[in-house]
Amino acid sequence: MGHTNLENIVDLQKNTANIRNICIVAHVDHGKTTLADSLIASNGIISNRLAGKLRYMDSREDEQLRGITMKSSSISLHFTANNQEYLINMIDSPGHVDFSSEVSTAVRVCDGAVVVVDVVEGVCPQTQAVLRQAWLENIRPVLVINKIDRLIMELKLTPLEAYIHLQKILEQVNAVTGSLFTSKVLEERAEMEETEKPSSDTKSSEHFYDWSAGLEETDDSHLYFAPDQGNVVFGSAIDGWGFRIEQFAQMYSQKVGISAQVLLKTLWGDFYLNTKAKKIMKGAQSKGKKPLFVQLVLENIWSLYESVVVRRDKEKIDKIVSSLGLTILPRDSRHTDPKVHLNAICTQWLPISHAVLSMVCNKLPSPLDIAAERVEKLMCVRSRRFDSLPPQIQALKQAFLECKSDETAPVIVFICKMFAVDSKTLPQNKLRPLSQAEIAQRREQARKRHAEKLINQMQMLEQNPPEKTLEISPGSASVKDMHAESPMELAELATCREESQQKECFVAFARVYSGTIRRGQKLFVLGPKYDPSEALTKMPEGCSLNDDLSIPHLACCTVEDLFLLMGKELENVEEVPVGNVLGIGGLEDYVLKSATLSTSPLCPPFTPLNFEATPIVRVAVEPKHPSEMPQLVKGMKLLNQADPCVEVLVQETGEHVLITAGEVHLQRCLDDLRERFAKVEISSSAPIVPFRETIIRPPKVDMVNEDIGTQQKIAVIHQKKEDQNKYPEGVIVDSDGLVTLNTPNKLSNLSVRAMPLPETVTQLLEENSDLIRTIEQFNLSVKEGRGTQEINPTTLEAIQNFKQKLEENFVGRKWRNAVNQISSFGPRRCGPNILLNRLESYRPSMWQCLDKTRKDLGTYKDFDNSIISGFQLATLSGPVCEEPLMGVCFILEKWDMSKVQQLVQIHSQPFTEGQTAKVEEFQQQVTSNENSLSELETRLENQARPGDQIQDSRTPAESVADGHCNSEAVLTDCYGPFSGQLIATMKEACRFAFQAQPQRLMAAMYTCEIMATAEVLGRVYAVLSKRTGRVLQEEMKEGTEMFIIKAILPVAESFGFADEIRKRTSGLASPQLVFSHWEVIPSDPYWVPTTEEEYLHFGEKADTVNQANKYMNTVRKRKGLYVEEKIVEHAEKQRTLSKNK
Ligand SMILES: Nc1nc2c(ncn2[C@@H]2O[C@H](COP(=O)(O)OP(=O)(O)OP(=O)(O)O)[C@@H](O)[C@H]2O)c(=O)[nH]1
Ligand SMILES: [Mg+2]
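Residues numbered from 1 in each chain as written. Chains lettered and ligands numbered in written order. Predicted model: local features only at pLDDT ≥ 70, side-chain atom pairs only at ≥ 80, totals over all residues. Heavy atoms only, no water.

A.B. asks: Break down the sheet that holds strand β25 (residues 732-733) for me, citing the residues and quoting the values.
C.D. replies: Read across the sheet, six strands follow the order β25-β26-β27-β30-β29-β28 without closing on themselves; strand pairing throughout is mixed. The open sheet is flanked by β25 and β28 (822-826), the only strands paired with a single partner. Inspection of the sheet shows strand β26 (residues 739-742) paired to strand β27 (residues 749-756) by four bridges, in the antiparallel sense. Among the inter-strand pairings, V739 is bridged to a residue of β27, identified as V752. Helix α34 (residues 978-995) contacts β26, β27, β29 (833-837) and β30 (888-896) of the sheet and is inclined by roughly 40 degrees relative to β27. (Pairing = 2+ DSSP bridges. Helix = DSSP H or I, 4+ residues; strand = E, 2+ residues; numbered from the N terminus. Contact = heavy atoms within 4.5 Å. Axes fitted to C-alpha atoms, helices over the stretch in contact; angles between N-to-C directions.)

Right, dumping it as structure tokens:
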């Protein structure tokens, strides 16, 4: 534990005002872990000489091997500044985009962030992402500009050039924070206006829109990074130096005779020193003078490097060392590597740990400073209003703000992730040095044993039977102790012990937001879906934690172990007060990934974490030996618990699938599965790439760019199949794609048409899927008659905006009034496809949250759900290769229910004899067509699988109660319930309507940013084009020789891309792939050459060019669907053609 012992840290944990919870965030490889090393070395946990080389926080083997961090881990450090002792809980996070979920979990439990930027690479995509995450969690950032040694040694800039470069980097970072801030101010203003509206209604005529209002008034100076504000450190983590300009201001104030205050304000900026007048003047640049920062700061550092590393000028070094008053050990100054010498000087002169830690203590908030706004955000999801929560729940806000640790304060703890540790590393199982007393005791025991042994031997010798001379081993003595008689039992015990020792233990990574958590304490575990208002209604007043509660997502646990997190080491503690980060053991049976613990059942679960990464790479895994399947399943469950971002599922095909954020993440998950969780040999499939299916407008040109209209179609080898042949009997498709289909019992029929959505609309739907989910939830709660939740005014405004934007983007006659006809989105009720209901007299209720007076007024309200479910199923898997649809609009144009109504009416009246006969006759008439339709029906039945989210939410009792005669019961016939028939029919109708249009596949695309030098640029392009990537932009990074290439690349072609680029460029370029969007693949998956030109151009098989067809077939093959493919085209016998014969 270095200089500080456990008791000291436990004491510090109680002084909340002096606690800082921080995380180090940055783009990959910008030097977070190296910086963390220096900070850890300052506490004596590792030696200064090893700082930067050890990478202490990268405790996994693969992290050390690959040189990147893969999970975030925490360590508690001690620091003294201004006679105050501080406890700093520091979390090192990974920078690789695949692990960005680890950043999300880390920022949730912190109050501040140290943003590290590589001075050469500047602001990179992940730098922006982490700054955004810090904003989303309302935590305050400070900046470390790292790797300044590269400006000296690699780029060989002069101090002045370096100063200009540093200015640019600072501007870049501030531009990102600036844009985040602006959007936040505008959002807040919108919210304020919304709440003020009722009072200002009278004045609304004078109200005019000023877009910039609020921006000028809001003081934003504290948000920006500025050296004179003290929130910027310049440094080089690897060489161990770093400073804030404050340090130089103090150093020079005596030397130059100017007050430190003035120097602090002028050291960074366009100021220069007039040596004659001993004055600081403005306008260094225009007068061609050296700015103060160059003269007083950078030149010193440059000359230090020059003399120590470049020239190795011993005399000069001695002069510098003595003038700075440092003592350098001879083993450092005589070392063959000049960097060691430099490091020894720098870590004494300008230790980076001091610069960073004092900045953290001065500039970042303590847990006491938690803002009310952040508390509300944590307690209440965005779409709901905080003030709409019950008052008892709102009262808990005070507990957060007060941050009290005494007995009266409720305990509130948030667990942001679960991580697995080897149970051997737990403090209770660790070997530790013995104390003097223990050593003495053991010695005594050994002596006794020895004496006993001697006595035994003596006795045996006396009796002297030869076979009994065997010694009794110490092992068998212990066996006796354990009263284990038979060797079988012993063996069992041993395996048990072995198992328990090898077991992976889960530790919850958590933070205390109120109260003090103690060992043995009983707490409620609130799952992410828990609703505290249920506790209000269901729980009797004063119920205790021991009562058996049957409230969903609420459990009760006893805290087993509490740990202080020290990198990979854990230390046992008895209690942890408010404001600290900690580990909690023994919760693996209660918490899956995240949860809230509290003594109060009224505490709402914290809002879900904001994950930036979309899990997109999926593979199917199976054990090498099929008998090991149970271990694999168990292992996958553990993996799912141990990783915040991975998803595991069993597909319909029975495959066990892992979904990960990228290739590196995938590799780590597979390694973990193999070595830690399943401990069996596993094999994984090639990555399963997701596709989307869509339709487009009929294309105007064919595959050889000839106008289709003017071409005369000549069927060459493949006759294009007659369109009507595609459809089974009973499906009527008219010339413009309207599909009409009967339900199996012939009582009703539907007409559906499919149209491609305008691209902008699809994009809107994609961007607003969360909003759509909120709308659907609201509609559902209204439909089910649950109390309507109040929607937050900002969300309402967002819905209004969304609706308006949809209206703007649906242009043209055919989309007239489309927005009001929307009856559902799909799949899963929030996807990028739309169902329009064009029936007259039908008014869908999609927008009822905006207009509360309107009511759903459909004629066939009872069966509306079936139609929507059918649409949901159709959009979930399309006909091309059973992948989800995207950008498709289905229009329900006709829906004939007259026969149904007739039947229901007859049934609802008391029957006379005549009527009974009539009904029978009617039913006979209906079923007479049964035979001809049987084929279609069986297929439909099969597709309407049982359990397929039949979403008729009304219980039979309800439908009887509200006066609708139980039509469902009347209509149940040999084809099953009528609602089920409708679902199947609607699904089929949508599929046929989809097939009536030109179909296309959509591929997932990555964007990647590659930084490369001019020499390897060509090779980067070659790799990109081989993988059908497209370069969007190429520009030179200012001040360097690097080019930045922005490109997009299909996910299907991306596997091994990063490796290939690295190999081809000898490691100079390494791309980061981030999922960006879906793109239509232009070629038709079903295309075959039909015109003479196409035949000439592509040949008879035309299988070389059709990428879409290739993708489609691989997906179909994987899913076990029928694939139309010729395997052997011309089975000719092979001959050797020899000239001599
Ligand atoms: N020249 C120079 N190199 C540095 C400096 N700091 C770190 N590095 C090097 O940069 C590389 C990456 O450093 P890490 O500390 O592992 O970077 P990281 O930000 O933790 O990387 P991830 O955790 O994978 O995101 C290592 O090779 C370090 O030696 C520095 O100040 N100067
Ligand atoms: Mg790292």
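Once the structure has been displayed, the description carries forward.
A.B. asks: Talk me through the sheet that holds strand β23 (residues 682-684); I want residue IDs and the actual numbers.
C.D. replies: Strand order across the open sheet formed by four strands is β21-β22-β20-β23, with antiparallel pairing between neighbours. At either margin of the open sheet sits one strand with a lone partner, and together these are β21 (647-650) and β23. Averaged over all pairs of adjacent strands, the angle between strand axes in this sheet comes to 30 degrees, irrespective of strand direction. Pairing of β21 with strand β22 (residues 656-660) involves four bridges; the strand directions are antiparallel. Paired with E647 across the strands is I659, a residue of β22. The strands that helix α22 (residues 629-642) touches are β20 (617-623), β21, β22 and β23; relative to β22, the one it contacts most, it runs at about 25 degrees.

A.B. asks: Give a detailed account of the environment of L35, specifying residues and quantitative values.
C.D. replies: You can see L35 is positioned in helix α2 (residues 32-41). The spacing of L35 and G235 is 200 residues in sequence and 9.7 Å in space, taken between C-alpha atoms. Not counting chain neighbours up to four residues away, the residues in contact with L35 comprise I24, V114, V116, V144, A237, I352 and V356.

A.B. asks: Give me the lowdown on the coordination of the magnesium ion (ligand 2), citing residues and values where you can.
C.D. replies: Think of it this way: four donors in a tetrahedron around the metal ideally sit 109.5 degrees apart, and six in an octahedron ideally sit 90 or 180 degrees apart. Surrounding the magnesium ion (ligand 2) are the protein donor atoms T33 (OG1) and T69 (OG1), which sit 1.9 Å from the metal. A residue pair is termed long-range when its members are at least 10 positions apart, and T33 in helix α2 and T69 in the loop between α3 (61-66) and β2 (73-81) qualify at 36 residues. Residue T69 is classed as buried on the basis of its relative accessible area of 8%. (Donors = N, O, S within 2.8 Å, 3.2 Å for Na, K, Ca; no water. Buried < 20%, exposed > 50% of the residue type's maximum accessible area, 1.4 Å probe, protein only.)

A.B. asks: Lay out the nonpolar core with the relevant residues and their values.
C.D. replies: Counting residues in each nonpolar core, the largest one holds 147 residues, and the members touching the most others are M90, I517, I584, L658 and F890. Discounting chain neighbours no more than four positions away, the residues touching F890 are V752, R753, A754, I834, L835, L836, F871, T875, L885, C990, A993 and F994. The next biggest cluster of nonpolar side chains, apart from the first, holds 110 residues, and it includes V25, I139, Y305 and C603. (Core = buried A, V, L, I, M, F, W, Y, C linked by side-chain atoms within 4.5 Å.)

A.B. asks: I'd like a rundown of the site of ligand 1, residues and numbers included.
C.D. replies: If you check the shell around ligand 1, you find 19 residues, and the closest are K32, T33, T34, T69 and D149. Between ligand 1 and the protein, one listed contact pairs an oxygen atom with a backbone N or O atom of D29 at 3.1 Å. Within the side chain of T34, a nitrogen or oxygen atom sits 2.5 Å from an oxygen atom of ligand 1. Across the complex, the protein chains shield 84% of the 650 Å² of accessible surface that ligand 1 would expose by itself. (Near = heavy atom within 4 Å. Polar contact = N/O pair within 3.5 Å; in protein donor to acceptor, adjacent residues only side chain to side chain. Areas by Shrake-Rupley, 256 points an atom, 1.4 Å probe, with all protein chains shown as cover.)

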